[in-house]
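Here's the letter readout for the chains.
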Amino acid sequence: MDKKVKHLIIDIIIFGVGTIGSKLILFLLVPLYTMTLTESEYGIADLVYTIGQFIAPVISLAIYNALLRFGMGKNEKREDVLLNAMLVWIIGSVGTLAFVPILNLYKAISPWKWYLYGYIVVFFANSNVAAYLKAKDKNKIYALLSIAQALILVVCSFLFLSHLKWGIGGYLLTLILSNGVIAVLGMLLANVPRDLSKAKFHKSLLYAMIIYSLPFVLNDISWGVISSTDKVMIEMLLGGTLLGLYTTAAKIPSIINVITTIFSQAWTLSSIKEYENDNDINYYSKIYNIYSVTMFGACIVITALTKPFIHIYVGADFYEAWKYVPLLMVSAVFLGIASFLNPFYSAMKKSKNMMVTAIVAAVANVSLNFIFIPICGVWGAIIGTLVSYMLLAIIRMVNIYKYLPIKYNILKHIILTIIILVQALLVSMDIYGGIVSIVSLMVFIIYTRKDIVSILKFGCGFIKNLMQKIKF
C-alpha cells in the first residue's frame, strides 16, 4: 500500500476516534435538549449558536486557516506564525466588545448577547489551538481533546438543563465552558506559552497571513449565510416552533457530516503535504472515488432509517421533524463533496477562488430562501439549502479541475444523485418509504459493486497490517 495512502488512513483513524466519540456524544444530547427545552427555546438557542458561527470569522479574520497553512510550511518559523495568530485573537476579542450593543436590534437574541460574545471569543481561541496542534502534527492530542470537549458538554448539559433548568442560558453556557476549558488545555498540551516565549513578531509575516486568510473570512461568512439565513427567516416568518422542528431535522444529517468532518481534517493535512511533494492526480482521483461512493451510500442507509429512528430519538413534540430530514441528507452529500475539494484551495493557496464559489452559493441560498420560505414554509428553506449545496459542489468540481484534472465519473454522479433524490422525495412524502429504500439500496449496491469491493479490500488490508502500529 502506498505510503502516503497509509499516512492518510492513519490520520483518518486518529481523527475518527476523536470525531466519532465527540460527535456521537453531541448527537446523543439532542434528546436531552428536546426534552428540557420547548421547540421555541431550542430553536432560539441554536439560532444564537449559528449566529456566533457567522460572526466568528469576521472578528478572527479566519486567521486559524493561515496558522495551519503557514505552520505546516517550510519557509516560516512555526512559533512566529502562532504569535501572529494569537495577536489577532486578542485584538479581535477586545474590538468586538464595541459591537455587542448592536445585537440589541435583533430582539430574538438580544437577551443572550453576552453569551454570544463569550462563545465567539472562546471559539476563536479553540480554533487557533486546534490549528496549531495539527500544524505540529499532534493529531492524537487533538482527537483526545475533541472527546474531552464533548464530555464536558455532557456534564454541563445535564447540570444546567436537566438539573438546574437554566433553559437557553444553560445551553449557551455549556458551549462557552466546553470551548473555553479545551482551549486552555490545548494551549498547555501544545506548549503554547513556551513557543510564544521563543517567537518573534514579523510584520511581513502577519501581512502575508492576513492576506491569505481574508478570502476565508468571506468564505466562512458565506457558509454562515447558508446555515443561518434560513433559520433567521423561519423564526421571523414562521415562528420559533417551526424553527425548533427544522433545527431538530438538521441535526440528523450530522451523522453523515461525521464522515465529512473526519475525512476533511485528515485530507486537509494530506493534500497540503501531497501538493508540496508529488501532486499525484491518480492519488487524488482514487481517494475522491472512495469518498464520494461512501457518502452516497451513507445517505441511502440513513434516509431509510430516519422515520423509525427519530421516533425514539426526540421528544414527542419534535416528531414531525422527520419528514424534513431526507432532503437535508441529500444536501449533506453535496456539502461533503464541496468539503472534499476545499483543502485543494488551501494547498494551492488559491483562497480567493474558494471565496468566490462560497459567495455564489450563499447568494443562491439567500435568494431561494426569500422566494420559497414565504410560499412553502420550512420546505422553502430545505429547497434553498439543497440547491445551494449542489451548486457549490458543481462549481468547485469544475473550478478545481482547471488546476488539478481529477478524474470525476460524471455519469456515476448523475445516476447516484437521481437514486438519492427519488428516495428522499418518496420517503418524505411517506409513499412506500420502506420498499423505496430497500430498492434504492439494492440498486446502489449493484451499480457500485466494484467500488464497494475495492473499498472493503482496501480497508480490511490496511486495518490488518497497520492497526497494531497505532498507539494513543
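Analysis parameters
- All chains use their own residue numbering, which begins from 1 and follows the written sequence.
- Residues qualify for local features only when their pLDDT is at least 70, as the model is predicted, and side-chain atom pairs are given and counted only at 80 or more; totals for whole chains, interfaces and linings, by contrast, use all residues.
- Each side-chain value is worked out from all heavy atoms of the structure, with water and hydrogens disregarded.
- We define a nonpolar core as any set of buried Ala, Val, Leu, Ile, Met, Phe, Trp, Tyr and Cys residues linked to one another through side-chain atoms lying within 4.5 Å.
- Residue burial is assigned from relative accessible area. The probe radius is 1.4 Å, only protein chains are included, and a residue is buried under 20% of its type maximum, exposed over 50%, and partly exposed in between.
- Only DSSP runs of H or I with at least four residues qualify as helices, and only runs of E with at least two residues qualify as strands; both kinds are numbered from the N terminus onward.
- Residue contacts are counted whenever heavy atoms from the two residues lie within 4.5 Å of one another.
- In this scheme, a helix's expected span is set at 1.5 Å multiplied by one less than its residue total.
- We define the bend at any residue as the angle between the axes fitted to the seven residues before and including it, ending there, and the seven starting there.
- The patch calculation keeps residues exceeding 30% relative accessible area without a salt bridge and links them within 9 Å when they carry like charges or within 5 Å when they are nonpolar (Val, Leu, Ile, Met, Phe, Trp, Tyr).
- Note that accessible areas follow from Shrake-Rupley with a 1.4 Å probe, and for residues the cover is restricted to the protein chains shown.
- For this analysis, a salt bridge means a side-chain nitrogen from Lys or Arg found within 4 Å of a carboxyl oxygen belonging to Asp or Glu.
- Stacked, edge-to-face and tilted are the three classes for Phe, Tyr and Trp ring pairs, Trp counted by its six-membered ring, which pair at centre distances within 6.5 Å; planes under 30 degrees apart are stacked, over 60 edge-to-face, the rest tilted.

Help me understand the nonpolar core in this model?
It is characteristic of soluble globular proteins that their nonpolar side chains tend to be buried jointly. If you look at the biggest cluster of nonpolar residues, it comprises 135 residues, and the most contacted ones within it are Tyr171, Ile256, Phe344, Ile400 and Ile406. Of all the elements, helix α13 (residues 325–348) adds the most residues to this core, at 16 residues. Residues contacting Ile256, with those up to four places away along its chain left out, are Met295, Ala298, Cys299, Ile302, Met329, Ala332 and Val333.

Whenever I open this one, the side chain of Thr50 confuses me. Can you help?
By the secondary structure assignment, Thr50 is in helix α2 (residues 39–60). The buried category is assigned to Thr50, whose relative accessible area is 4%. Once residues lying within four places of it in the same chain are set aside, the contact partners of Thr50 are Ser227, Ser228 and Lys231.

Would you mind going over helix α14 (residues 351–376) with me for this structure?
Between its first and last C-alpha, α14 extends 36 Å over 26 residues, near the 38 Å set by a 1.5 Å rise per residue. At Asn369, α14 shows its largest kink, close to 30°. Where α14 ends, the next residue or the one after it, Gly377, has phi of about 70°, a positive value.

Hey, could you run me through a nonpolar patch on the surface in this one?
Together, Leu425, Met429, Ile431, Tyr432, Ile435, Val439 and Val443 line one region of the surface with nonpolar side chains, adding up to about 680 Å² of accessible area. Of note, Val443 is situated in helix α17 (residues 433–447).

I'm lost on the packing of aromatic side chains in this one. Help?
Any pair of aromatic rings gets described here by the distance separating the centres and the angle formed by the planes. Going through the model one piece at a time under the given rule, you end up with 16 aromatic pairs. On the numbers, 4.9 Å between centres and 70° between planes, the contact of Tyr33 with Tyr171 is edge-to-face. Residue Tyr33 is located in helix α1 (residues 3–36), and its partner Tyr171 is located in helix α7 (residues 167–189); the two are separated by 138 residues in the primary sequence. A single burial state applies to Tyr33 and to Tyr171, both of which are buried. The interplanar angle of 40° and the centroid separation of 6.3 Å between the aromatic rings of Tyr401 and Tyr408 together place this pair among those described as tilted. Taking relative accessible area as the criterion, Tyr401 reaches 44% and is therefore assigned partly exposed.

Looking at this model, I keep getting lost on α2. Mind explaining?
Think of an α-helix as 3.6 residues a turn; residues three or four steps apart then line up on the same face. When the terminal C-alpha atoms of α2 are compared, their 32 Å separation across 22 residues agrees well with the 32 Å that a helix rising 1.5 Å per residue should span. Within α2, 16 of the 22 residues are buried, which leaves the element mostly enclosed by the surrounding structure. Directly after α2, the chain includes Leu61, whose backbone phi takes a positive value near 55°.

Help me understand the pattern of salt bridges, please; the structure alone is not making it clear to me.
Inspection of the entire model under this criterion finds 6 salt bridges. Notably, a salt bridge pairs Arg194 with Asp195, separated by 3.4 Å at the nearest N-O pair. When its relative accessible area of 1% is taken as the criterion, Asp195 is described as buried. The salt bridge involving Glu320 is made with Lys323; its shortest N-O contact spans 3.7 Å. Each of Lys136, Arg194 and Asp195 takes part in one network of salt bridges that share partners.

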